[in-house]
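Structural overview for review
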Amino acid sequence: MSETRSNQSQAQRITIIGSVIDAILGVLKIIFGMLSHSSALIADGIHSLSDLLTDFMVVWVIKYSHQEPDEEHPWGHARFETIGTVILGCILIAVAGAMAYESLLTLIRNEVIQLPEWPALVIAAISVLAKEVIFRYTLAVGKRIKSDLIIANAWHSRTDAFSSIVVFVGVAGAMAGLAWLDAVAAIGVALIIAKVGWDLTWKSILELVDTALPEEQTQAYTEVIMEVEGILSVHSFKSRTMGSQSLLEMHLQVAPHLSASEGHYIGDKAVLQLMKKFEDIGHIIFHIDTYDDEEEFDNSTSLPVRTEISGVLWELLDQAGHPELGISRLALYYRRDAVEIELMLLDTPFNQQIDMKVLEAELDRLFKQHSWFRSIRLWQGYQPPKL
């Protein structure tokens with residue numbers, strides 16, 4: 001089983017377990033709330049049953065967000081998990097706001113809430129223990145598979161435990177002559193829930209707007225890249241997150257005289273090193289540079305392409321008196337504002353009669369009339385394969 005499927009299975013399993021517990025506790029709270037004349041426990045039971053809706057949403061989002069990339073979503077579906085986390089975070093904030101509002105009204109009006117009888121204490125205590133267990137289990141799974149949605153659902157489960165604590169403290173406080181403890185405890189719990197909801201929502205919003213990874217994290221990536229032989233610098237480093245994965249884009253500078261295949265191989269080596277060391281990286285795009293293209297330069301400089309340079313070369317060879325020069329390969333090395341040229345000459349009787357140093361100096365002189373030219377080197381000795 002792949003890691004993605006394993007994570008999806010764990011997330012769905014823990015969410016289904018939580019929904020079963022929510023259903024059982026919700027029914028128990030409502031029944032015993034009615035029997036013990038506790039409106040608070042009845043409301044707490046309705047809260048537990050309402051958690052079933054979010055549990056169903058989490059199961060659906062987890063299933064959809066772990067699907068493989070397709071034509072419509074080439075980067076995958078992890079952002080659906082992020083959106084689900086935003087929704088759950090907003091639900092936490094809304095629940096906290098409702099709890100705080102009702103408690104503040106109770107304090108302002110100096111109302112006395114109808115107190116539950118001792119069965120309400122027992123059910124509230126069972127609810128606290130059960131929801132705390134499922135909270136810790138769900139939170140552990142969420143951290144293990146690095147799912148903000150499951151972590152958010154864990155904290156959502158804990159709101160039910162907090163509300164049960166409010167019921168328990170309220171009843172115990174009333175029995176001790178401190179009826180106002182119910183409202184004060186509820187406000188404190190509401191603030192905690194609101195803080196958790198805000199943190200989860202804000203983190204997901206930052207992901208949705210493609211906020212870069214922390215500087216210390218990208219610096220760690222850069223240090224690993226610079227350990228790869230052949231890489232001179234890393235620049236234009238862009239990063240973002242999608243679900244639990246980090247997506248990276250970067251320019252890798254290599255020596256200008258390397259072949260395209262060697263430069264790309266060096267880039268592949270850097271990718272393998274990063275993937276090996278950091279489990280959070282999901283995808284890497286790299287671009288091979290032969291110079292640091294982040295530095296400012298004259299945008300009006302337009303370097304010629306191969307066909308243009310080849311045309312100029314033959315014109316200058318004609319001027320130098322060598323129109324029949326046998327060339328096996330023309331290599332071009334582009335700098336920021338100039339081009340270096342290398343000619344590999346065929347090992348033919350005609351070429352063997354040429355003084356290479358004299359021809360190289362003559363071509364260098366002729367090419368210098370072009371602003372884009374930097375240098376030229378001639379090599380002789382290539383023998384074409386026999387057919």
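Details of the structure are given in the entry above.
Cut-offs applied
Residues numbered from 1 in each chain as written. Predicted model: local features only at pLDDT ≥ 70, side-chain atom pairs only at ≥ 80, totals over all residues. Heavy atoms only, no water. Core = buried A, V, L, I, M, F, W, Y, C linked by side-chain atoms within 4.5 Å. Buried < 20%, exposed > 50% of the residue type's maximum accessible area, 1.4 Å probe, protein only. Helix = DSSP H or I, 4+ residues; strand = E, 2+ residues; numbered from the N terminus. Contact = heavy atoms within 4.5 Å. Pairing = 2+ DSSP bridges. Axes fitted to C-alpha atoms, helices over the stretch in contact; angles between N-to-C directions.

1. Structural notes on the nonpolar core
Formed by 23 residues in total, the largest nonpolar core has its most connected members in Ile 341, Leu 343, Leu 363, Phe 367, Ile 376 and Leu 378. Of all elements in the fold, only helix H9 (306-319), strand E4 (327-334), strand E5 (339-346), helix H11 (356-367) and strand E6 (373-382) reach the threshold of two or more residues within this core. Excluding its chain neighbours within four sequence positions, the residues that come into contact with Phe 367 are Val 312, Leu 313, Leu 316, Ile 341, Trp 372, Phe 373 and Ile 376. Counting 19 residues, the second largest nonpolar core, distinct from the first, contains Val 224, Ile 225, Ile 281 and Phe 286.

2. Things to note about the sheet that holds strand E3 (residues 281-289)
Reading across from one edge, E1-E2-E3 is the order of the three strands in this open sheet, with mixed pairing throughout. Every other strand in the sheet has two partners, leaving strand E1 (233-242) and E3 as the edge strands with one partner each. Shown here is a sheet whose adjacent strand axes are inclined to one another by a mean of 15°, direction ignored. With eight bridges connecting them, strand E2 (residues 245-253) and E3 associate as parallel partners. In the strand pairing of E3, His 251 is matched with His 287. Against the sheet, helix H7 (residues 215-226) makes contact with E1, E2 and E3, and its axis sits at roughly 135° relative to E1, the strand it touches most. Relative to the sheet, helix H8 (residues 260-277) contacts E2 and E3, its axis offset from that of E3 by approximately 155°.

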